[in-house]
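Observations on chain architecture
Each chain, written out:
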Amino acid sequence: VFLKVYSKLDTFDAEKSSLSTWIFNITRNTLIDHQRFMSLRIHEEIPETMADDSPDMLDTLIMEQEQERLADALSSLTQEEQDLIILHYYNEYTLLKVAEVMRKPYGQIKRLHMKALQKLKFRLA
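Residues numbered from 1 in each chain as written. Predicted model: local features only at pLDDT ≥ 70, side-chain atom pairs only at ≥ 80, totals over all residues. Heavy atoms only, no water.

Our focus in this paragraph is the overall build of the protein chain. The helix and strand inventory of the protein chain stands at 6 helices and 0 strands. Walking the protein chain from its N terminus toward its C terminus, one meets helices and strands in the order α-α-α-α-α-α. By the burial criterion, 28% of the 125 residues in the protein chain qualify as buried. Contacts spanning at least 24 positions in sequence make up 53% of the contacts within the protein chain whose residues lie at least 6 apart. (Helix = DSSP H or I, 4+ residues; strand = E, 2+ residues; numbered from the N terminus. Buried < 20%, exposed > 50% of the residue type's maximum accessible area, 1.4 Å probe, protein only. Contact = heavy atoms within 4.5 Å.)

This is the structure we're talking about:
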């Protein structure tokens, strides 16, 4: 992410957004690209080393499938909900910090958080 920020610094426009928002968007887009890449990778043929029914390999395959389900569920959320989930769970920001970064009232972020979790729960059920 930092290499992308550094290499694209000349494209930053302070009239369109603050520096922190611009960096956050690069981070979010990088994470989305990574999730898409991982999703495509899961669909590749299972390597021969995984064919030995080893419990570790089976656990790894199950975890990768669950990560794909979670990525699909995340993509069903609105952009604002995705941003909140990424900041809170991936970046480990408190909801108060998320509210600050997203420039929204704390109460609104709490409601949005609950709504996003309900959507994810429904989608993953």
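Tallied over the entire structure, the rule returns 4 salt bridges. The salt bridge involving Asp83 is made with Arg28; its shortest N-O contact spans 3.2 Å. On the criterion of sequence distance, the pair formed by Asp83 in helix 4 (residues 79-90) and Arg28 in helix 2 (residues 19-42) is long-range, its members being 55 residues apart. Of the two residues examined, Asp83 and Arg28, each falls in the buried class. A salt bridge links Glu80 to Lys104; the nearest nitrogen and oxygen atoms lie 3.0 Å apart. Taken together, the residues span a long stretch of sequence, with Glu80 in helix 4 and Lys104 in the loop between helix 5 (95-102) and helix 6 (106-124) at a distance of 24 residues. On the basis of relative accessible area, Glu80 is assigned to the partly exposed category, the value being 28%. (Salt bridge = Lys/Arg side-chain N within 4 Å of Asp/Glu carboxyl O.)

With that settled, the discussion passes to the packing of helix 4 against helix 5. Packed helix pairs are characterised by how far apart their axes lie and by the angle those axes make with each other. As a packed pair, helix 4 and helix 5 sit with axes 10 Å apart at the nearest point and diverge in direction by 130°. Relative to helix 5, the element helix 4 is oriented oblique. Considering how the two elements wind past one another, helix 4 and helix 5 form a crossing that is right-handed. Contacts from Glu80, Asp83, Leu84, Leu87 and His88 of helix 4 reach helix 5 at Leu95, Val98, Val101 and Met102. (Axes fitted to C-alpha atoms, helices over the stretch in contact; angles between N-to-C directions. Parallel < 35°, antiparallel > 145°, perpendicular 65-115°, else oblique. Left-handed = near helix turned anticlockwise from the far one by under 90°.)

Between helix 4 and helix 6, the shortest axis-to-axis distance is 10 Å and the interhelical angle comes to 95°. The angle between helix 4 and helix 6 falls in the class roughly perpendicular. Contacts from Glu80, Glu81, Leu84, Ile85, His88 and Tyr89 of helix 4 reach helix 6 at Ile109, Leu112, His113, Lys115, Ala116, Leu117, Lys119 and Leu120. Considering only residue class, the contact of helix 4 with helix 6 consists of 8 nonpolar, 2 polar and 4 charged. (Nonpolar A, V, L, I, M, F, W, Y, C, P; charged D, E, K, R; others polar.)

Taken by themselves, the reported measurements are silent on function.
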